[in-house]
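Analysis of the macromolecular model
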Amino acid sequence: MPRAIKHLFIGGLIIMGISTAATAQELTIVNPPNLGDPTPNGYSTAVIVPANARVAYISGQGGFDGTGALLPDFATQVAQAYANLGAALEGIGARPDQVAKLTVFVVDHDMSKLGVLTQNVTAMFGDRLPAQTLVPVPKLAIDPMLFEVEAVVVLE
């Protein structure tokens, strides 16, 4: 058996053993113990989407307030971007626990920014943390933007 398939097969057994979904419509959060606990960093290792689920994609949300003004610093931009993500979820009739995957883009990322990121993602998602990828970037669409978050959402 090829190594990649063997790992997928073994991973599948692990997933089956630690599934936390209560119903077929919920996302299944998977954090295999042999990979360590990612939750202190604000994400889950993997999320399984139910079969035949409808999926929505939310475009990158930045730190713009309701007037279109970009907030001045990293922490306030992150907080506003998550508020904007919440508004986008509400706009499509979804809740945070339906978010399967986040991708966050951080301008000039360094370790000092992780606390702000983790605080905001746990405030929004609690213990139902989506899978997440952080992508350090030199700049975003508009020069003063320091943060952007996009989401993949499973609709009921």
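Analysis parameters
- Residues numbered from 1 in each chain as written.
- Predicted model: local features only at pLDDT ≥ 70, side-chain atom pairs only at ≥ 80, totals over all residues.
- Heavy atoms only, no water.
- Core = buried A, V, L, I, M, F, W, Y, C linked by side-chain atoms within 4.5 Å.
- Buried < 20%, exposed > 50% of the residue type's maximum accessible area, 1.4 Å probe, protein only.
- Helix = DSSP H or I, 4+ residues; strand = E, 2+ residues; numbered from the N terminus.
- Contact = heavy atoms within 4.5 Å.
- Pairing = 2+ DSSP bridges.
- Salt bridge = Lys/Arg side-chain N within 4 Å of Asp/Glu carboxyl O.

Some details on the nonpolar core
Counting residues in hydrophobic clusters, the biggest one holds 24 residues, and the most contacted among them are Y82, L85, L102, F125, F147 and V153. Looking at this core, the element that brings in the most residues is helix α2 (residues 74-91), giving 6 residues. In this structure L85 touches I58, Q61, L102, M124, F125, V149 and A151, once residues within four positions along its chain are discounted.

Some words on the pairing of strand β6 (residues 147-155)
Of all 9 residues making up β6, 7 are buried, and the element is well covered by its neighbours. With 6 bridges joining them, strand β3 (residues 54-61) and β6 adopt antiparallel strand pairing. The residue bridging I58 from the neighbouring strand is A151, located in β6. As judged from the 7 bridges shared by strand β4 (residues 99-107) and β6, these two strands associate in the antiparallel manner. The partner of V106 across the bridge, within β6, is F147.

Some words on the pattern of salt bridges
Taken as a whole and assessed by the stated rule, the structure comprises 3 salt bridges. Linking R95 and D97 is a salt bridge whose minimum nitrogen-to-oxygen distance equals 2.9 Å. Classification of D97 by relative accessible area gives partly exposed; the value is 36%. Between D143 and K139 there is a salt bridge, and its shortest N-O distance comes to 3.0 Å.

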